[in-house]
Amino acid sequence: MQPLELIGRWLVIFGIGLALVGGIVWLLGRIPGVQNLPGTIKIETPGMTCLIPLLASIVLSLVLTVVLNIIIRIANR
């Protein structure tokens, strides 16, 4: 396999994965109350609102770590 074909294949896989994650985040943003979770820092100024979801980021990181570790262990068999 040519190196450029391999790079192209990985870019397509990465793009599809990124689109899936973006769709999930977009859908989670539509669930009422997600913005009001504990550990969320909300900064409001005239014309701008900034949400920093610290607790949600930590939980998402833990879940993705577990899921990816399971996938890697299954793939290495």
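All residue numbers here refer to positions counted from 1 along the written sequence of the relevant chain. Local features are withheld for residues below a pLDDT of 70 in this predicted model, meaning they are given only at 70 or higher, and side-chain atom pairs are given and counted only at 80 or more; totals for whole chains, interfaces and linings count all residues. Side-chain numbers here rest on the full set of heavy atoms in the structure, without hydrogens or water.

S.K.: So what's going on with the overall build of the protein chain? Residues and values would help.
M.R.: In this text, helices come from DSSP runs of H or I with a minimum length of four residues, and strands from runs of E with a minimum of two, each type numbered from the N-terminal end. When its secondary structure is counted, the protein chain shows two helices and two strands. Mapped from its N terminus to its C terminus, the protein chain presents α and β elements in the order α-β-β-α. In terms of C-alpha radius of gyration, the protein chain reaches 18 Å, well past the compact-globule figure of 11 Å for 77 residues. Type-normalised accessible area, obtained with a 1.4 Å probe on protein chains alone, sets the label of each residue: buried when under 20%, exposed when over 50%, and partly exposed for intermediate values. Relative to its full complement of 77 residues, the protein chain shows a buried share of 0%. Within the structure as shown, the protein chain displays about 7,000 Å² of accessible surface, and the carbon and sulfur contribution to it stands at 74%. As a reference, a globule follows 2.2 Å times the number of residues to the power 0.38, and the radius of gyration itself is taken over C-alpha atoms. All accessible-area figures derive from a Shrake-Rupley calculation using a 1.4 Å probe, and residue coverage is judged against the displayed protein chains alone.

S.K.: Help me get a handle on the pattern of salt bridges, residues and values and all.
M.R.: Here, a salt bridge means any Lys or Arg side-chain nitrogen found within 4 Å of an Asp or Glu carboxyl oxygen. For the structure on display, the rule yields one salt bridge. Residue E44 is joined to K42 by a salt bridge in which the shortest nitrogen-to-oxygen separation is 3.7 Å. Taking the relative accessible area as the measure of exposure, E44 reaches 57% and is therefore exposed.

S.K.: Any details on the confidence of the model for the protein chain? Residues and values, ideally.
M.R.: pLDDT expresses, on a scale from 0 to 100, how confident the predictor is about each individual residue. Looking at the protein chain as a whole, the pLDDT averages 86, with 96% of positions reaching at least 70. No element of the protein chain has a lower mean pLDDT than strand β2 (residues 48–53), which averages 86, and none a higher one than helix α2 (residues 54–75), which averages 89.

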